[in-house]
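Report on the structure
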Amino acid sequence: ELRDFLFEHLALEDADVLPMIERHFTEAEHRELDERIMKEMSPRQALFTAPWFMSTLDSEAAAMTLRAAPLPLKVVYFLGRRRYARLTRTAFGDAAFTPPRAANA
């Protein structure tokens, strides 16, 4: 049930929310919002968010993202990925959790 709910939520974001953000925010506003989020994010949240974000990408996009990422972001990702994997195994069982975007990319 949790997986189905999460997939529905992600599909809604992809179909409605992200296009709306792209339509109504300039690139500069989007960059400013990203910077603000990064400044206000706790280290614990960052250790979850970086691996979660990477899990939403297909392997090519993930590799490209890691190559372009600043060193601190790479460190956060590598430090948090095992804990993130344990959390997703706990939530979704042994089957790998693959968000719809990554599965369909």
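Scroll up to find the structure this text is about.
Small disclaimer: the values here were computed from a predicted structure and weren't measured. (Residues numbered from 1 in each chain as written. Predicted model: local features only at pLDDT ≥ 70, side-chain atom pairs only at ≥ 80, totals over all residues. Heavy atoms only, no water.)

**Here we look at the overall build of the protein**
Each helix and strand in the protein was counted, giving 6 helices and 0 strands. Among the 105 residues that make up the protein, the fraction classed as buried is 17%. Residue pairs at least 24 apart in sequence account for 72% of intrachain contacts in the protein once pairs closer than 6 positions are excluded. Working note: accessible area of the protein is about 8,100 Å², and carbon and sulfur atoms make up 59% of it. (Helix = DSSP H or I, 4+ residues; strand = E, 2+ residues; numbered from the N terminus. Buried < 20%, exposed > 50% of the residue type's maximum accessible area, 1.4 Å probe, protein only. Contact = heavy atoms within 4.5 Å. Areas by Shrake-Rupley, 256 points an atom, 1.4 Å probe, with all protein chains shown as cover.)

**Structural notes on a negative patch on the surface**
A cluster of acidic side chains, namely E29, E32, D34 and E35, defines a negative patch on the protein surface. Secondary-structure assignment places E35 in helix α2 (residues 27–40). For E35, a relative accessible area of 47% corresponds to the partly exposed category. (Patch = residues over 30% accessible without salt bridge, like charges linked within 9 Å, V, L, I, M, F, W, Y side chains within 5 Å. Salt bridge = Lys/Arg side-chain N within 4 Å of Asp/Glu carboxyl O. Lys, Arg positive; Asp, Glu negative; His and termini not counted. Charge placed at Lys NZ, Arg CZ, Asp CG, Glu CD.)

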